Every structure is written in structure tokens, then in C-alpha cells.
Amino acid sequence: MNRHVSITRRNALKMATVGGMAGILACGTAPAYAKARIHWRMGMAWAKTSPGFTTPVLALADFVKKASGGDFEIEIFGAGEIVPPMQTFDAVIDGTIDCGHGYASYWAGKAVGLNLIMSMPFGTTAQEKNAWLQYGGGQELADKIYGRLGAKFFPCGNCGVQPMGWFRNEITSLDSLKGLKFRVTGLPAQVLKECGVTVVSLPAGELLQALQSGVIEAAEMTGPFVDQSLGIQRVAKNYYFPGWHEPEGQFDLFINARVWEKLPENYKELVKVGSYYANTVMLNEMVAKNGKALQELRSKQGVMPRQLPKDALKRFYQVTNDILGSVYEKDPLGRDVRDSLRSFLAHTAPYSELTEMMFMSTRASLAGRAQVGI
């Protein structure tokens, strides 16, 4: 039973008596029911103070509260307030909290398809991912994966295309990466490991200290706006592009399946609309703030944006396809997500490249940015 749903039935019960029914027949109107009052507790995989990451959560909570006239509230808890960050998903499934917010690949140990729900290397952009979710069957496939785990999924934030990451030293070829201690997660970690990189898993809050001490020599994160708040630029000055590994990064809202089933239909619609709205709010913030942050990193802190060597990118592409053709071939739902994304890209990518990529290349060239900002 959802302990957070309470409906006042006093008027309805009175009207259900013989006298009450007579009253209904006499006046020709149905009894008035009080609105449901909902209170959810949401856990996040990051602290409440995390810039960017909390933006979609706050947008969603604000939306459902205002749209419901204050009858639907989501109480937000940061990482560690109820459970550690990487236990957020389990806490939702076992009912400790009603819903959670994280990064889809964080839970990929439960289902490999979640890596692709988050982002497929060399795959969709954020705009293409949104289109796939709404028009390419993506929402339905995500629902199958999360549903088998006992949760309901909605997209709730996207950081857009990411840089490859921060490096203490320059990368001149694929050989420069061999043995490099690199903080990275998910499917990209598998790809880089196959390329000779020493993969290290660390939470964001430990990156600066790890770089300073030499525990790691490089790290991928999110983008200039978020990354500069961590202080990584104090140690690593080489900022490599393109973000082949995460051309977009899907954050997820996951709701306990039993809690979702008992939610009134009108409130389900609020969550659906609110999550897609919050998804866009985060992406818009990243687009608005990343450019300014990068300018500050370059002009005030000596950060150098650099381009990855072509031989490295070619190898990453080959290994990505090898893994997608082996590991994901063995997992039915993972295979379905892979095939769906590839099919969708087959007809959307050429048009994106013809229109947006050609336009951006032309715009950069005419503005004197021949190497697109690098």
C-alpha cells in the first residue's frame, strides 16, 4: 500500500447512505471528492549542492507541486542523506524511498542495456536521443528494462555531448593512452580498457585529490560548467575533445513500480510531462553555461582544449562496435536497445550531418574558427 496517498472520503460516505443517495437524485449532482495528496521521497546519486545535476530534479519537483496546486510534493534528499549514492536504485526498488535520480549507466550492473539508455559511444546526440525516446520506441524499450528491475523510467536531464576528459599530459597518439590511469565508467570504460588504458572508478568528489596524488592521470566528467566547480583544472590543463564516449548523457528518474501503479492517473501525467520538461531544462542550462565556462577556463586558468588523435578515435570506434556486437548480442534487451538506436540513427544521422553539422562548420569557418573552437 502506498502510505503517501490519503484521500478524504467523509462526504462520499455520507452521500452513500440512503438519505445521501436521495439527495444526489434530488439535486442531480455527484458527490465531491477531495483531491489526492501525494508525498514522495526522492534520493539522488549526488549532493544537493552539485551544480547542473540537481537542476532537473528541482524543476520536476517545482512543476508537479505547482501543477497539482500543492497536493503533490517531492521531497529531495542528496547522496548520503538516506543511502550512499550508488545504492540509490536499490533503495527505490526495496521501498526505502519512492523514487530516485541518477545516471542510467550507474545501474548497468543490473542490465547492460542501461549503458545504452545513458549513451551509446558514437551514437545519438541529445536532440536525437530525445527524438528516439518519443518517436523511435526508446521510452518503451527503457520501460521494459526498468520494469524488469521493479521501476518505472522517465528521462530527467541530459548534459549533452561531453568532452573526452581532462589529462595531465598531452595525448599524441593511441600509444600515449597505454597504461594511462583514467577515471571513466560504463561502456566507454570497457572500450578504453581494450585499448590498453588502466581504468579507475572514482566518485566525482574524489577526482581532484586523485589527480593531485597521482592515483589517476586523467578523468572524464560532464562539461566545462560542471567540471570547473570540481577544481580539476588546477591539476590537469589538457581538455580533450570530441566526446566520442558520451555524445549525450541521459539522467534517469526511476520510480518504485508499486508506488507508480498506485499513483492516480492525473498525477502520472504530471510526472510524465514534468520529467520531459526537466529533461530539457538541464540540457538548456548546459548549452547556456558551458560556453562561458570554457572561455573562463581558457583565458583565466590556462586550460587548453585539444583534439584527440585520429588513430585513437579510429581504434575507439572499432572496439566499440566489437563490444556492441559481442556483449550486447548475448543480452536480449541490450541487443534490442542497440538495434533500435542503430536503426534510428540510420535515417536521422545523415540528415543531422547534412543540416546541423554543415551549418556549424560553415558558421565556424566564416567566423574565423576554422578548427571549431580548438
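That block above? That's the structure.
This write-up is about the structure you can find in this document. In this text the structure is predicted, and so the values were computed from the model without any measurement. (Residues numbered from 1 in each chain as written. Predicted model: local features only at pLDDT ≥ 70, side-chain atom pairs only at ≥ 80, totals over all residues. Heavy atoms only, no water.)

At a closest axis distance of 10 Å, the pairing of helix α6 (residues 126-135) and helix α14 (residues 332-366) adopts a crossing angle of 130 degrees. In terms of orientation, α6 and α14 fall into the oblique class. In the crossing of α6 with α14, the sense of the turn from one axis to the other is right-handed. On the side of α6, the interface is formed by Q127, E128, A131 and W132, while α14 contributes V337, S340, L341, F344, L345, T348, A349, S352 and E356. Residues of the contact of α6 with α14, tallied by class, amount to seven nonpolar, four polar and two charged. (Axes fitted to C-alpha atoms, helices over the stretch in contact; angles between N-to-C directions. Helix = DSSP H or I, 4+ residues; strand = E, 2+ residues; numbered from the N terminus. Parallel < 35°, antiparallel > 145°, perpendicular 65-115°, else oblique. Left-handed = near helix turned anticlockwise from the far one by under 90°. Contact = heavy atoms within 4.5 Å. Nonpolar A, V, L, I, M, F, W, Y, C, P; charged D, E, K, R; others polar.)

Here the focus is the sheet that holds strand β2 (residues 72-77). If you walk across this open sheet you meet the five strands as β2-β1-β3-β10-β4, and the pairing is mixed. In this open sheet, the two strands that pair with only one neighbour each are β2 and β4 (151-158). In this sheet, adjacent strand axes meet at a mean angle of 25 degrees when their direction is disregarded. In this sheet, β2 lies alongside strand β1 (residues 38-44) in parallel orientation, the contact comprising six bridges. Of the residues in β2, the one forming a bridge with R41 is E75. Against the sheet, helix α3 (residues 55-67) touches β1, β2, β3 (99-103), β4 and β10 (250-256), its axis set at about 160 degrees to β2. Relative to the sheet, α6 contacts β4 and β10, its axis offset from that of β4 by approximately 155 degrees. (Pairing = 2+ DSSP bridges.)

Three- or four-residue spacings in an α-helix give side chains the same orientation, since the helix completes a turn every 3.6 residues. Among the residues of helix α8 (residues 186-194), those classed as buried are L187, P188, A189, V191 and L192. Tucked inside the fold, the buried residues of α8 contact α5 (113-118), β6 (181-183), β7 (198-200) and α13 (310-326). With its phi angle positive at about 95 degrees, G196 sits one or two positions after the end of α8. (Buried < 20%, exposed > 50% of the residue type's maximum accessible area, 1.4 Å probe, protein only.)

Okay, empty space enclosed by the protein next. Following the criterion strictly, the structure yields two cavities of 30 Å³ or more and no others. There is about 120 Å³ of room inside the largest cavity. If you trace the largest cavity, you find it lined by W46, F53, Y103, Y106, Q162, R183, T185, E220, M221, T222, E246 and F251. Of the residues that constitute the lining of the largest cavity, the class distribution is six nonpolar, three polar and three charged. Reported here for the second largest cavity is a volume of approximately 30 Å³. Around the second largest cavity, the lining residues are G43, M44, F77, G78, I82, V83, T88 and I97. Of the residues contributing to the lining of the second largest cavity, the split by class is five nonpolar, three polar and no charged. (1 Å grid on protein atoms, 1.4 Å probe; cavity = no way out; pocket = protein on both sides within 12 Å on 5 of 7 lines; lining within 4 Å. Points joined across faces, edges and corners; volume = space filled by probe spheres on them.)

With that settled, consider the packing of aromatic side chains. Within the structure shown, the criterion is met by 23 aromatic pairs. Aromatic pair F89 and Y146: ring centres 6.2 Å apart, planes at 50 degrees, arrangement tilted. You can see F89 sitting in helix α4 (residues 88-93) and its partner Y146 sitting in helix α7 (residues 138-149), a full 57 residues away along the chain. Residue F89 shares its accessibility class with Y146, and that shared class is buried. (Phe/Tyr/Trp six-rings, centres within 6.5 Å; stacked < 30°, edge-to-face > 60°.)

So, on to the nonpolar core. Counting residues in each nonpolar core, the largest one holds 108 residues, and the members touching the most others are W40, Y146 and F316. Not counting residues within four places of it along the chain, the set of residues in contact with F316 comprises F122, M164, L174, L177, V191, L192, C195 and W244. (Core = buried A, V, L, I, M, F, W, Y, C linked by side-chain atoms within 4.5 Å.)

Attention shifts here to the layout of surface pockets. Estimates place the volume of the second largest pocket at around 620 Å³. Residues of the lining of the second largest pocket, tallied by class, amount to 18 nonpolar, eleven polar and one charged.

Here the focus is the pattern of salt bridges. If charged atoms from side chains of opposite charge come close, those side chains can pair. Per the stated rule, a full pass over the model turns up 14 salt bridges. Taking the shortest distance from any N to any O, the salt bridge between E220 and R183 comes out at 3.1 Å. Of this pair, E220 sits in the loop between β8 (218-219) and α10 (224-227) while R183 sits in strand β6, and the two are 37 residues apart along the sequence. With respect to class, E220 is no different from R183; both count as buried. (Salt bridge = Lys/Arg side-chain N within 4 Å of Asp/Glu carboxyl O.)

This brings us to unusual backbone geometry. Of all residues except glycine, most have a negative phi; of all peptide bonds, most are trans. The linkage connecting F241 with the following residue, P242, adopts the cis geometry, with an omega of 0 degrees. With respect to the helices and strands, the residue P242 is situated in the loop between β9 (238-241) and β10. Backbone geometry at F122 places phi at a positive 60 degrees, although glycine is not the residue there. Within the secondary structure, F122 is located in the loop between α5 and α6. Here F122 falls in the partly exposed class, since its relative accessible area comes to 31%.

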